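The chain contents come next:
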Amino acid sequence: MTSFFKNIGLYDHLNFEIEMNKSEFVEHLKKITYKTNTSFISFIPDHGIPTRYEYRGLISADNFIIKRRKHLFDINIYRSIIKGNIVEEKNKTVIKIEFTPFIYPLIASIIGIFLFLFIASQEIQNNENYFLIVIPILITIIQYFILKRNIKRDKYDFERELNFIASKYNQFKSYQ
């Protein structure tokens, strides 16, 4: 699936190095992540999660799969999934991160577009209203650019979060 997302441009990656131990980084990441399953479907809605958690997902010692949580009146429903591998090399923690779109809203919008195209094709046969074909094409193009923009936004936000974790760790390390 990742190769499909790479081909259509809905994939991004990031390599990040932090000068801290791997176990300390995992503990800092667990402090801001609410533990939930990897399908991100649960009985607890995102706005029901305590506000100290900025992400939801699973974190293990070597990798993580998380997604930024939605807030109460957040209109951004296309949050990307952040997958990462954590490796420790020469007293540095190297994090290899991949950003892919969340698949469930993507599938629902594709099914909706095909349904609309089917209805439009039936209407064209009856009345020859060709403008009905333009609407699903426009919706598809808009959905693509929304997904692409949200992947870039989530990459920026997560990189900022990692920089904050690194600076906070270095700040506390200098006091010891």
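About the criteria used
- Counting from 1, residues in each chain are numbered in the order their sequence is written.
- Local features are withheld for residues below a pLDDT of 70 in this predicted model, meaning they are given only at 70 or higher, and side-chain atom pairs are given and counted only at 80 or more; totals for whole chains, interfaces and linings count all residues.
- Side-chain figures throughout are based on the complete set of non-hydrogen atoms in the structure, without hydrogens or water.
- The patch calculation keeps residues exceeding 30% relative accessible area without a salt bridge and links them within 9 Å when they carry like charges or within 5 Å when they are nonpolar (Val, Leu, Ile, Met, Phe, Trp, Tyr).
- Using a 1.4 Å probe, accessible areas were evaluated by the Shrake-Rupley method; residue-level cover was limited to the displayed protein chains.
- Salt bridge criterion: a side-chain nitrogen from Lys or Arg within 4 Å of a carboxyl oxygen from Asp or Glu.
- A run of H or I in DSSP counts as a helix once it spans at least four residues, and a run of E counts as a strand once it spans at least two, with each numbered from the N terminus.
- Burial classes follow relative accessibility: with a 1.4 Å probe on protein chains only, a residue under 20% of its type's maximum area counts as buried, one over 50% as exposed, and anything between as partly exposed.

Participant: If you had to explain a nonpolar patch on the surface to someone new, which residues and values would you point to?
Facilitator: A contiguous nonpolar patch, built from F116, F131, I135 and I139 and spanning about 340 Å² of accessible area, is present on the exposed surface. Among the elements that make up the nonpolar patch, the one with the highest residue count is helix α4 (residues 131-175) (three residues). Residue placement: F116 occurs in helix α3 (residues 103-127). Judged by relative accessible area, which is 31%, F116 ranks as partly exposed.

Participant: Could you give an account of unusual backbone geometry, with specific residues and numbers?
Facilitator: One non-glycine residue, K90, lies in the positive phi region at around 50 degrees. Relative to the elements of secondary structure, K90 occurs in the loop between β5 (80-89) and β6 (92-101). Using a relative accessible area of 81% as the deciding quantity, one classes K90 as exposed. At N91, a position not held by glycine, the phi torsion is positive, near 60 degrees. Relative to the assigned elements, N91 resides in the loop between β5 and β6. Exposure remark for N91: the relative accessible area of 66% places this residue in the exposed category.

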